[in-house]
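Descriptive analysis of the structure
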Amino acid sequence: MNRPTLPRPTRNRLIALAASALLAACGGGDAPADGVTAAESSSNVPSARILAASGDSSSARASRTANPGTTSPIPRVESDTGSKQVATTVTVRAYGSLAGNVGPVMAVRIDGVVVGTVEVRAIAPQDYVFSAAGLIAGSRVDVVFTNDDLIHGQDRNLFVAYVTDGTSFVAPSEPGVVYDAGGGEGAFDGKNTLPGQEAMWFSGALRITWPPADRFAATTRDLESSRFLQQATFGPTISDLQRLRTRSFAQWIDAQLAAPVNTDYFVSYIQSKYNMGTAYRPFGGSKYDPDWVGQRFWTGAASGSDQLRRRMAFALHKIFVASQADANLYHQARAFAAYLDALHRGAFGNFRALLEDVALSPAMGIYLSHLRNMKEDAATNRLPDENFARELMQLFTIGLHELNLDGTDRLDASGRPIETYGNADVMALAKVFTGWSWGYDDRLLTDFNFRWGTPNPKSVGVNRVDIRRMKPYPGMASIAERRLFAGKPNELVILPNTSPSDSVGMALDTLFNHPNVGPFIGRQLIQQFVTSNPSPGYVARVAQVFANNGSGVRGDLGAVLRAVLLDTEARVVSTSNSGKVREPILRVTHWMRSFDAQSASGEFQITQELTGLGQRPNLMPSVFSFFRPGYVPAGGALALAGLGSPEMQIIDESSTAAWANSMELMLREGIGWSGGSRDVTVSLAAHGEMVATAPAALLANLDLMLFAGRMSSELRKSVMDAMQGVPDWAPSRNLARARVAIYVAMTSPEYLVQQ
């Protein structure tokens, strides 16, 4: 098998824009964000604080001889690529200490032939490039230090960070590299040898047998699986990748669709808090915290086995927005938890059933103000609240303009988009959603409870009204004729005196069967999982599945999601427009899952930490969510090309700097807070072992887990440079280098775009 052809990330216009945002946040690339310092190669690397963390330690001149079989957190596999790639240049990253104002002289030999000699006068790591015609796997590469001396107390030495041909990176400390001490031919006689090391304290040669380019590369299958899991889950894990070696993506999806659902995942957690006593309940409880709902989100995202369901519910919540940012929901953690449970239950179900769950949720009723919505009254000129009615059409089902199956606008005879609804439709639909309030027992559906009654959220018994659907109250709903979409093919007339439940059912049926719903919802799901700019053909194929799942069923969300993830455009990166910017929440969950984050409390107590990133679970700033699906950044290549990037709406100089600082803190200490220390942390011991044995192994691991095989050679070099920027004598050197590597990778523009 051949490794798949992967487009260079730097050619992607989304990546280019993300890079611009990063540079702007850092003052054009010169001013590092608070808490970080600039590396010599212009990469931002963590400050000394990250180097002081506990971990393994080594002395400056100690050789490193860790067993290579224990360095990788994922089992090593044989690569699919060839190993006889011919390089044209070889780069030695090195620096020196001068004596008598003369730097160390470095020569490079390939298979016994000197290809270049240079005096190294740099006192910080610098690249020295030599011709390397004929360099292939198995070639002998010697980096020779020829003029060791001590002059007036000045010791001339050569320090070699690594050697690369642009594809393979070899650190002097790797097993198999030999430091052959001696001058002249004595540097190659094998009589006075040490394991390779960065510091060449005396004349001699670092002797390297050049490795194959793919020595640590993952298989094509693992790379494809990582990309699939980055779309379909909250981030790939080692065990996920291993499972996908023996099953197809379709089989994985089918298993996720068939897995049982936890019907009260959120409610049961909130209930467990309420059960701890009155101090933990709303309206006066000193320990009550609505952020418990968000903590439960993080727990499921990080460790839940039903990843596809959770990922779908997360996507649906950004379409059917009810937000805890609304102060009216502050005391309603359990009601809000019930809303999230409904999204999880309905994630693979039928869209029509989910639509009704959303419409009759008391949390949604509070958020969009149709709970206690009173009918019209001509005597007082009172009209029903139109908030929910408008958003139900504009955001939850049909959008503003009539659509073709492929998501493009339908046009009238004058070439203008055709509006899906008008003000008369909003007013009619608002009347449909009058007369609904808290779902008390039928004997308590009184005028007083409709207007003023509030269920006791402190209740811990079976009578938990706050998690029930809303109910219609006798005499409180409009009984007038209500006419929707008059004169259109999908016109609906609700006759006078039709019951509230029947009225709602008829209205939701009409919206559900509107031809817009498939392309309108399908395109947003594609944007949430795969790419910001799907082709019309991609949208049409998904919309067709929404219309008919193959068994005559309309609105099968499980089938729709399957179509989204298995479409050719999802599985193949075909254009420079492919992909989407990673939103902050998904970056954090990716970090958690790919590096096996653990919660000391078991509850993933993350609360305010993402505030500066512009995104916290369940806290959308408006009904339009964190960002709009049609957002196009002003100016630049995307605007000129007519391309959207929704997530860029919350990316600016401030949030970009906040991500850099958050990543540094997450790697140095962790995230969240519990019992006086960070609650969620990762252990990078295995990654430190990779650094000790072969830094290139860590590059391959990051390429697999974070980039799915699309990590550019430029970024690899930046990561290597940053790792070597950690001094050889630093405490916990290998662990610090692993942290720095992950930091540079996860704050890079390449990482910020999921392809």
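Reading the values: the criteria
Residues numbered from 1 in each chain as written. Predicted model: local features only at pLDDT ≥ 70, side-chain atom pairs only at ≥ 80, totals over all residues. Heavy atoms only, no water. Helix = DSSP H or I, 4+ residues; strand = E, 2+ residues; numbered from the N terminus. Buried < 20%, exposed > 50% of the residue type's maximum accessible area, 1.4 Å probe, protein only. Contact = heavy atoms within 4.5 Å. Areas by Shrake-Rupley, 256 points an atom, 1.4 Å probe, with all protein chains shown as cover. 1 Å grid on protein atoms, 1.4 Å probe; cavity = no way out; pocket = protein on both sides within 12 Å on 5 of 7 lines; lining within 4 Å. Points joined across faces, edges and corners; volume = space filled by probe spheres on them. Nonpolar A, V, L, I, M, F, W, Y, C, P; charged D, E, K, R; others polar. Axes fitted to C-alpha atoms, helices over the stretch in contact; angles between N-to-C directions. Parallel < 35°, antiparallel > 145°, perpendicular 65-115°, else oblique. Left-handed = near helix turned anticlockwise from the far one by under 90°. Pairing = 2+ DSSP bridges. Salt bridge = Lys/Arg side-chain N within 4 Å of Asp/Glu carboxyl O. Core = buried A, V, L, I, M, F, W, Y, C linked by side-chain atoms within 4.5 Å. pLDDT = per-residue confidence, 0-100.

**As for the overall build of the protein**
- A tally of regular secondary structure across the protein gives 27 helices and 22 strands.
- The 755 residues of the protein split such that 57% are buried.
- Of all intrachain contacts in the protein linking residues separated by at least 6 positions in sequence, the fraction that spans at least 24 positions is 74%.
- Accessible area of the protein: about 28500 Å², with a carbon and sulfur share of 53%.

**Considerations on empty space enclosed by the protein**
- Taken as a whole, this structure holds 6 cavities of 30 Å³ or more when the rule is applied.
- Its volume calculated, the largest cavity comes out at about 150 Å³.
- Taken together, 19 residues make up the lining of the largest cavity; nearest its centre are Phe-266, Phe-297, Ala-313, Phe-314 and His-344.
- For the lining of the largest cavity, the secondary structure elements donating two or more residues are helix 6 (265-274), helix 7 (292-303), helix 8 (307-317) and helix 9 (333-345).
- Split into classes, the residues belonging to the lining of the largest cavity amount to 12 nonpolar, 4 polar and 3 charged.

**Notes on the packing of helix 24 (residues 695-707) against helix 25 (residues 713-724)**
- Between helix 24 and helix 25, whose axes approach to 11 Å, the crossing angle comes to 130°. Classed by the angle they form, the pair helix 24 and helix 25 counts as oblique. Helix 24 and helix 25 meet at a crossing whose hand is right-handed. In this structure, helix 24 contributes Pro-695, Leu-698, Leu-699, Asp-703 and Phe-707 to the contact, and helix 25 contributes Leu-715, Arg-716, Val-719, Met-720, Met-723 and Gln-724.
- Residues belonging to the contact of helix 24 with helix 25 are distributed by class as follows: 8 nonpolar, 1 polar and 2 charged.

**Quick notes on the sheet that holds strand 11 (residues 178-181)**
- Read across the sheet, 6 strands follow the order 5-4-7-14-11-12 without closing on themselves; strand pairing throughout is antiparallel. Edge positions in the sheet fall to strand 5 (113-119) and strand 12 (193-195), since each of these pairs with one other strand and no more. For this sheet, the mean angle separating the axes of adjacent strands, direction not counted, is 20°.
- Both strand 11 and strand 14 (residues 204-209) contribute to a ladder of 4 bridges, which runs antiparallel. Its bridge partner being in strand 14, Val-178 is matched across the sheet by Arg-207.

**Observations regarding the pattern of salt bridges**
- For the coordinates displayed, the defined rule picks out 38 salt bridges.
- The shortest N-O distance in the salt bridge between Glu-174 and Arg-215 comes to 2.8 Å. With a gap of 41 residues between them, Glu-174 in the loop between strand 10 (169-170) and strand 11 and Arg-215 in the loop between strand 14 and helix 3 (220-232) connect regions that are remote in the sequence.
- Note on Arg-215: relative accessible area 25%, which makes it partly exposed.
- Look at the salt bridges and you will find they share partners, linking Arg-352, Glu-356, Asp-357, Arg-469 and Asp-509 into a network.

**Comments concerning the nonpolar core**
- Phe-320, Leu-429, Leu-525, Trp-591 and Met-592 are the most contacted members of the largest nonpolar core, which totals 174 residues.
- Aside from chain neighbours lying at most four places away, what touches Trp-591 is Met-663, Met-666, Leu-667, Ile-671, Val-680, Val-682 and Met-746.
- In this structure, Ala-132, Val-141, Val-143 and Leu-158 belong to the second largest nonpolar core, which totals 26 residues.

**Topic: the confidence of the model for the protein**
- Across the protein, the average pLDDT comes to 89, with 88% of residues at 70 or higher.
- Considering only residues more than four positions removed or in separate chains, one finds that residues 1-11, a stretch of pLDDT under 50, has 25 contacts.
- Confidence drops under a pLDDT of 50 for residues 21-83, and excluding neighbours within four residues, the segment shows 148 contacts in the predicted structure.

**Overview of the pairing of strand 9 (residues 154-164)**
- Along strand 9, 9 of the 11 residues are buried, which leaves the element largely enclosed by surrounding structure.
- In this sheet, strand 9 lies alongside strand 3 (residues 87-97) in antiparallel orientation, the contact comprising 7 bridges. When the bridges of strand 9 are listed, Val-92 appears paired with Val-163.
- Judged from the 3 bridges that link them, strand 8 (residues 149-151) and strand 9 form a sheet pairing that is antiparallel. Its bridge partner being in strand 9, Ile-151 is matched across the sheet by Gln-154.
- What sits between the antiparallel neighbours strand 8 and strand 9 is a turn of 2 residues, in which His-152 has the positive phi angle 50°.
- Judged from the 2 bridges that link them, strand 9 and strand 13 (residues 199-200) form a sheet pairing that is antiparallel. Bridging from a neighbouring strand, Phe-159 pairs with Ala-199 of strand 13.
- Pairing geometry for strand 9 and strand 10, over 2 bridges, is antiparallel. Residue Thr-164 lies in a different strand from strand 10, and its bridge partner there is Phe-169.
- Connecting strand 9 to the antiparallel partner strand 10 that follows it, the hairpin turn spans 4 residues, and Gly-166 within it adopts a positive phi of roughly 95°.

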